[in-house]
Amino acid sequence: MPLLGAFEFPPIDELFRWKRFLFDDTPFGINKTVLLILISSLLILVIFIGGSRKKALHPGGVQNVVEMTYEFIDNGITKDVVGHDAGRYTPFLGSLFLFILFLNIWEVIPFIQFPPTARMAVPGFLAIMVYLLYLVVGFKNQGLKYLTGHLFPPGVPLALYILVTPIEFVQLFLVRPFSLAVRLLANMMAGHILLTALALLTAYALKNAPIIAIGPFLLNVGVTGFEILVGFLQAYIFTLLTAVYLGDALHPEH
Amino acid sequence: MSTLLLAAQQAGELKDGLQSIGAGIVYGAAAIGPGIGIGLVVGNAIQAMARQPEMQGTIRTTMFLGIAFTEALALFGFVLFFLAKS
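Computed from a prediction, not measured in an experiment: that's the story for all the values here. (Residues numbered from 1 in each chain as written. Chains lettered and ligands numbered in written order. Predicted model: local features only at pLDDT ≥ 70, side-chain atom pairs only at ≥ 80, totals over all residues.)

## Considering the overall build of chain B
Here is the rule: Here a strand is any run of E in DSSP of at least two residues, a helix any run of H or I of at least four, and the numbering for each starts at the N terminus. Partly exposed residues are those falling between the two cut-offs: more than 12 but fewer than 20 other C-beta atoms within 10 Å of their own, whereas 20 or more means buried and 12 or fewer means exposed, with C-beta atoms placed from the backbone. C-beta atoms are first placed from the backbone for all residues, and any pair lying within 7 Å is then listed as a contact.
Scanning chain B for helices and strands turns up 3 helices and 0 strands. Along chain B, helices and strands appear, N-terminal first, in the series α-α-α. With 86 residues in all, chain B has 10% of them scored as buried. Intrachain contacts of chain B at a sequence separation of at least 6 include 78% that bridge at least 24 residues.

Right under this line is the structure:
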């Protein structure tokens, strides 16, 4: 008789589909995902507007955090990756980073434990926004050269263009936005499923064989710490890739 | 044994089972290449950092970029896993 033989994992839909509890039957129904998005936006507004109001010469507390975050985006991402003349993209990249970061962190907040970025609507919308932005910036800055520069990269033997051009076309117009969205979605989804599985395993083992429960419990604690890292890293990678695409649209042959 | 097989064939259970096996193979196979790739990326980045510690910032940024591009393939496999299962 196996100890953990009858353990059953709930269907995936149950983990990600939340019932609307407000304004049901209208297009503006609110469920847990929407509520978390609204709360995160509000939190970011309050923290960052409140923190940048005083402008003390020796920043302390919230102001310090706000200024460090700004500098991290401005120096580490905008100036390094997009270009030194691209300071005006810092607000966009900063909002993107903070929005994704706050949404990801809900995954490990006790009693909430659900990352809204694990629903395709959120990363999908963000990816479409970035997609339109880099295409518009690219065509505005370089004109048709943006397209030809990508489809016909210089220094390739003539016969190889049969192979290179379709690949580059698919890369520029399909793979980039799709992978941007799927990377964020799949990472957060995998983390959420993993944490759920370990928590359920702990609860199940606690009921049937309490000594075994220590294993999945410790694993759950470790994975929670790892998920905090993943949340940071995915927000950073999404912003970094956006910056790379923007820099590529601004400067040819970068 | 034969009764087990008969029982498994009822109500499309065989199909469900094969679907699950297929989904497992999809993700497992999709994880092989990216696993090797990420190992190469990180290993070489560490080597580069050890040789030129003053370039650490640039190398780390580039390493994350490389990981992100390589990892995308494994994540496509992860999404296909759910598509193949349902």
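Now that the structure is up, let's keep going.
## Thoughts on the overall build of chain A
Summing up its helical and strand segments, chain A has 8 helices and 0 strands in all. Taken from N to C terminus, the helices and strands of chain A fall in the order α-α-α-α-α-α-α-α. Principal-axis analysis of the C-alpha atoms gives chain A an extent of 65 × 60 × 40 Å. The buried share of chain A, reckoned over its 254 residues, is 30%.

## As for the environment of Phe97(A)
Along the chain, Phe97(A) falls in helix H4 (residues 90-105). If we ignore the near neighbours within four places in the chain, the residues touching Phe97(A) are Ile73(A), Ala235(A) and Thr239(A).

## Some thoughts on the environment of Val79(B)
Along the chain, Val79(B) falls in helix H3 (residues 56-85). As for Val79(B) and Tyr27(B), which are separated by 52 residues in sequence, their C-alpha atoms are 8.6 Å apart. Not counting residues within four places of it along the chain, the set of residues in contact with Val79(B) comprises Val182(A) and Ala186(A).

## Some details on the packing of helix H5 (residues 121-142) of chain A against helix H8 (residues 214-250) of chain A
All names here are of chain A. Inclusion rule: Axis angles are defined between N-to-C directions and span 0 to 180 degrees, where every axis is a line fitted to C-alpha atoms and, for a helix, only to the segment in contact. Should an angle fall under 35 degrees it is called roughly parallel, over 145 degrees roughly antiparallel, and 65 to 115 degrees roughly perpendicular, with every other angle called oblique. Here is the rule for handedness: rotate from the far helix to the near one, and if that takes an anticlockwise turn smaller than a right angle the crossing is left-handed, while a clockwise turn gives right-handed. When residue character is reported, Ala, Val, Leu, Ile, Met, Phe, Trp, Tyr, Cys and Pro are called nonpolar, Asp, Glu, Lys and Arg charged, and the others, Gly included, polar.
Remark: H5 packs on H8, axes separated minimally by 8 Å, with the N-to-C direction vectors making an angle of 15 degrees. Classified by the interaxial angle, the pair formed by H5 and H8 is roughly parallel. Pair H5 / H8 crosses with right-handed handedness. Counting all contacts with H5, which are made through Val-130, Tyr-134, Val-137, Gly-138 and Asn-141, the residues of H8 involved are Thr-242, Tyr-245, Leu-246, Ala-249 and Leu-250. Classifying every residue of the contact of H5 with H8 by side-chain character gives 7 nonpolar, 3 polar and no charged.

## Overview of the interface of chain A and chain B
Often the size quoted for an interface is simply the accessible area lost on bringing the parts together. Listed by partner, the interface residues are 11 residues for chain A and 11 residues for chain B. Broken down by element, the residue count for the side of chain A that touches chain B peaks at 5 residues, all from helix H7 (residues 161-208) of chain A. Residue classes in the side of chain A that touches chain B are distributed as 8 nonpolar, 1 polar and 2 charged.

Note that all results are geometric; they support no functional claim without further evidence.
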